[in-house]
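What follows is each chain in one-letter form.
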Amino acid sequence: MNDSSSWACPVKHAAEPQRVSLAHGEGGSSMRRLLEEHILPRFDRLSSLPLDDAAVLPQIDGRPVLTTDAFVVSPLFFPGGDIGTLSVYGTVNDLAVRGAEPLWLTLSLILEEGFSLQLLDRVLESVAEAARRCRVSVVAGDTKVVPRGAVDRLFVSTTGLGRLIEPGPSGSATIEVGDVLLVSGPIGRHGIAILAAREEMAFEPPPESDCGPLIEAVAALRTAGVRVRAMRDATRGGVTAVMHEWARDCGGTLVIEEERVPISSDVRGVCELLGLDPLNVANEGTMVVAVHPDDAESARSALQCVSVCARAARIGFVRARGLLPVVVKRGIGSERPLLEPSGAPLPRIC
Amino acid sequence: MKYLDEFRHPGATESLLESIRRRVTKRWTIMEVCGGQTHGLLRYGIDEALADAVELIHGPGCPVCVTGAEVIDRAIELASIPNVLVTTFGDMLRVPGSRESLASARAAGALVRMVYSPLDAVALAEKHPELEVVFFAVGFETTAPATALAVLQAKRRGIENFSLLVAHVRVQPAMEAILCAPENRVQAFLAAGHVCTVVGCESYEDLCRRYEVPIVVTGFEPTDLATGIAACVEQLETSRHEVENRYDRVVQAEGNLRARQFVEDVFEACDRTWRGLGAMPLGGLRLRESWRDYDAERRFTAGALPQVVSSCRCRSGEVLSGRIKPPECAAFGGECRPEHPLGAPMVSGEGACAAYFQYHRPELRCEPRAVEGNA
């Protein structure tokens, strides 16, 4: 009597590989399976298109706006987000603060040999979810695998394409004396969340990143008819770096009033402990806005109507250029220079 | 934020500053010992607000600034040995040795890592038995107890791949050296609150009595600093010299006895060369003989530390001893800037030169003087 089970090879099939191997980047069947099983199903647009070398996109109504960014964050997962959400929101926000409606994204992955496929799935889920939230489609992508040690587990690069909604911000060169500076929420949350997670600091609860989209906040300003001179998401270098760029562009002196700057108590605590200035710490879902003085109040109220911007605040103003490009008013009212950050802020000894 | 906001209240600070301005009959000269206090005084503009009443001169109390270039060279030398990982605090990474900093050595391939505590370095050693983990221990009495605790913990847990490159310094010998110097102008001290948290304010009694100098222990917030200055002024105006604790929410008379015991168990006082200030008798700490197995220099290297010649363009020694203000150095703000420091006080955020660079308005900077040779 034939028993088909007795024909089975006595050697068990090797378990499905759970880690990225160099073969996944070599263009053969392993790569096809990686794409078909892990990447394409998560992105409607990609899975519905033939895998051509380039995506042909519909015509858009307006001027195209293009941006690109690379994400190399460590750790990959942190309170409030991960490299996946970061790579979508970072690029989407760059389009949004330039006055564009984000439409499409490309996604480029550089994977380290040995990276866990399960973690890759989690990152891809985050990318997909963040893209859905921002109503953008991932329309093209690329995957490379490099030998162990050549990258730190996973690097992600995204390019974003959107359409400008006229009139966009008039630009930082148009910032004038008397203009008002605002932030959309408490500053420094991303930088402190990453620092605390990377260094395994036992803060309870752990500080959370502000990693999130600014599309709604920008739309609220647009709807309120605010004359926006410039908007920037205050990423690396924090608010200080943006202030210095704008001061260079407009030729005025930007004055920050320290007491008005919203800071969450956990960020303030960590900064006090380590001797860091929250103004220099990175954000991922918080922007700085320069507006015409007559629109300052409507800008603040419009932002505060957006849930993530409930603590939006006026933080300063622009005056004629003095000796310094950026100053901060502190405590007893004395003005001090706010220097451009140089390199990463380092915690002090004591 | 409890314990912060009430000591940053602009109204309270301003009224204290006004009372100091009213109280003085002459312009007194007070030295704040600690770099953190220099930072606070300049950040909040207290030095300017009191310019007519008190001259604030900045002491040597930034441990990063006074760590010798030769010790940094030794740390780099250790980090360049295969499988030796040198760990240290963040602001130590950018301080230049005689040729380069730990950060630039790391970029060139040396194994260097920033930690937030010496105990993190012990944990790294435990996690990486294939490495020899060295903690480059810098700091005043404030950080010495944690270093002592780290070596005690390493011994208790049998972690043998952990050792220390010790560059700890003691603050009182430096204060005494300043008072002994023939050109000394210091009439009163603001003593460093963090150091006193460990050593207590009683430990200053002898210095206060022998040199007849008021010593007021104070904190770092604007109201703390104004309170400390007011107390110094009051003593000077009434010809008194006492140790006064104006940071009693943190500092006890006897300090932290447990922390002191850790330090006593592991370290002993030794002579140490301070950057910019030269030889400082009993100005440092070293491992006691019974702990020398944990001495990284003994474990990995041999020979005395090389002599390092300071840059003749850097007058950091005069800055650290309060003889000049940073802007009086010809290199300040031009050739010497935080991104290209000639001396350590420009590197560390707590250094007097960096604090002046960061907080002083350029129009208030003194006219540079001619360079006067070797510091």
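A brief report on the enclosed structure follows. (Residues numbered from 1 in each chain as written. Chains lettered and ligands numbered in written order. Predicted model: local features only at pLDDT ≥ 70, side-chain atom pairs only at ≥ 80, totals over all residues. Heavy atoms only, no water.)

## What to know about the overall build of chain A
Move 1: Looking only at helices and strands, chain A features 9 helices and 13 strands.
Move 2: Considering only C-alpha atoms, chain A reaches an extent of 95 × 55 × 30 Å along its principal axes.
Move 3: A burial count over chain A gives 50% of its 350 residues as buried.
Move 4: Considering only residue pairs separated by 6 or more positions, chain A has 86% of its internal contacts joining residues 24 or more positions apart.
Move 5: For chain A, the computed accessible surface area is about 16,300 Å², with 51% contributed by carbon and sulfur atoms. (Helix = DSSP H or I, 4+ residues; strand = E, 2+ residues; numbered from the N terminus. Buried < 20%, exposed > 50% of the residue type's maximum accessible area, 1.4 Å probe, protein only. Contact = heavy atoms within 4.5 Å. Areas by Shrake-Rupley, 256 points an atom, 1.4 Å probe, with all protein chains shown as cover.)

## Regarding the nonpolar core
Move 1: With 102 residues, the main nonpolar core has B:Phe136, B:Phe162, B:Phe189, B:Tyr204 and B:Ile215 as its most contacted residues.
Move 2: Setting aside chain neighbours within four positions, we find B:Phe136 in contact with B:Thr67, B:Val71, B:Ile72, B:Ala75, B:Val86, B:Thr87, B:Thr88, B:Met92, B:Leu102, B:Leu165 and B:Ala167.
Move 3: Among the nonpolar cores identified, the runner-up in size contains 38 residues, and A:Ile83, A:Val88, A:Val127 and A:Ile194 belong to it. (Core = buried A, V, L, I, M, F, W, Y, C linked by side-chain atoms within 4.5 Å.)

## Observations concerning unusual backbone geometry
It is generally the case that most residues other than glycine have a negative phi and that most peptide bonds are trans.
All names here are of chain A.
Move 1: Following Ser74, the chain continues into Pro75 via a peptide bond in cis, with omega recorded as 5°.
Move 2: The omega torsion across Glu166 and Pro167 is -10°, close enough to zero to call that bond cis.
Move 3: Looking at the element boundaries, Pro167 is found in the loop between β6 (154–164) and β7 (180–183).
Move 4: Despite not being glycine, Glu200 shows a phi value in the positive range, around 50°.
Move 5: By the element assignment, Glu200 lies in the loop between α5 (189–198) and α6 (215–223).
Move 6: Overall, Glu200 belongs to the exposed group, its relative accessible area being 66%.

## Looking at the interface of chain A and chain B
Move 1: Every contact between the two is made by 29 residues of chain A and, on the other side, 37 residues of chain B.
Move 2: Approximately 2,900 Å² of surface area, both sides summed, lies buried where chain A meets chain B, with 59% of it carried by carbon and sulfur atoms.
Move 3: If you look at where chain A meets chain B, you find 3 salt bridges.
Move 4: Measuring nitrogen to oxygen at the nearest pair gives 3.2 Å for the salt bridge that ties A:Arg336 to B:Asp47.
Move 5: Applying the counting criterion to the chain A and chain B interface returns 6 residue pairs in polar contact (both at pLDDT 80 or more). (Buried area = accessible area lost by both parts, 1.4 Å probe. Salt bridge = Lys/Arg side-chain N within 4 Å of Asp/Glu carboxyl O. Polar contact = N/O pair within 3.5 Å; in protein donor to acceptor, adjacent residues only side chain to side chain.)

## Notes on the packing of aromatic side chains
Move 1: Taken as a whole, this structure holds 5 aromatic pairs over all chains when the rule is applied.
Move 2: Residues B:Phe332 and B:Phe357 carry aromatic rings whose centres are separated by 6.2 Å and whose planes lie at 75° to one another, so their mutual orientation is edge-to-face. Placement of B:Phe332 in the loop between α15 (316–320) and α16 (352–359) and of B:Phe357 in helix α16 is noted, with a sequence separation of 25 residues between them. Of the two residues, B:Phe332 and B:Phe357, neither departs from the other in class, the shared state being buried.
Move 3: Over the ring of A:Phe77 we find A:Arg122, and its NZ or CZ is 4.0 Å from the ring centre.
Move 4: Over the aromatic face of B:Trp291 sits the side chain of B:Lys155, whose NZ or CZ is 5.0 Å from the ring centroid. (Phe/Tyr/Trp six-rings, centres within 6.5 Å; stacked < 30°, edge-to-face > 60°. Lys NZ or Arg CZ within 6 Å of the ring centre and 35° of its normal.)

## Some thoughts on the pattern of salt bridges
All names here are of chain B.
Move 1: Enumeration over the complete set of coordinates arrives at 49 salt bridges over all chains.
Move 2: Between Lys325 and Glu55 there is a salt bridge whose closest N-O contact spans 3.4 Å. Pair noted here: Lys325 is in the loop between α15 and α16 and Glu55 is in strand β2 (residues 54–61), with a separation of 270 residues, a long-range link.
Move 3: The exposure class assigned to Glu55 is buried, which follows from its relative accessible area of 13%.
Move 4: Between Glu244 and Arg246 there is a salt bridge, and its shortest N-O distance comes to 3.1 Å.
Move 5: Residue Arg246 is classed as partly exposed on the basis of its relative accessible area of 39%.
Move 6: A single salt-bridge network, built from bridges that share partners, covers Glu264, Glu268, Arg286, Arg288, Glu289, Arg292 and Arg298.

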